[in-house]
Amino acid sequence: MRSEQQKRIIKALTDNGYTAVQLAELIHCTVRSSRMIVSKLHKQGVVHIQSWHRVEYNDIPAAVYRYGIGVDAVRPKPMTMVERMKRWRSEEHTSELQS
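Residues numbered from 1 in each chain as written. Predicted model: local features only at pLDDT ≥ 70, side-chain atom pairs only at ≥ 80, totals over all residues. Heavy atoms only, no water.

**Student:** Can you walk me through unusual backbone geometry in this structure?
**Tutor:** Most peptide bonds are trans, and most residues other than glycine sit at a negative phi. One non-glycine residue, His28, lies in positive phi territory at about 60 degrees. By the secondary structure assignment, His28 is in the loop between helix H2 (20-27) and helix H3 (31-44). With a relative accessible area of 71%, His28 lands in the exposed category. (Helix = DSSP H or I, 4+ residues; strand = E, 2+ residues; numbered from the N terminus. Buried < 20%, exposed > 50% of the residue type's maximum accessible area, 1.4 Å probe, protein only.)

**Student:** I tried to follow the environment of Val31 on my own but got confused; where do I start?
**Tutor:** Tracing the chain through its elements places Val31 in helix H3. With a relative accessible area of 31%, Val31 lands in the partly exposed category. Each C-alpha atom of the pair Val31 and Thr19 lies 10.0 Å from the other, and the pair is 12 residues apart in sequence. Other than its neighbours up to four places away in sequence, Val31 contacts Val21 and Ala24. (Contact = heavy atoms within 4.5 Å.)

In structure tokens:
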């Protein structure tokens, strides 16, 4: 079963770059399985990190993987507390204006 999922993941990553969560949705497997397979392929040097995508709900960057040999993209620095508060306040202010 896992080898079949691995084949589907490799095929998907050949066409486009995806995060582990996107891959899980695309090939209909659990996120845990997707992460394990992608992690294994990354350690083997089969896939590389094409870029980092910030997740909307928690603002933690997620790796976007791509099939092939390449240099991993640099992980962005985490937001400081000041940056998070500015963002939160601006979102809070815009939601008050919309109400």
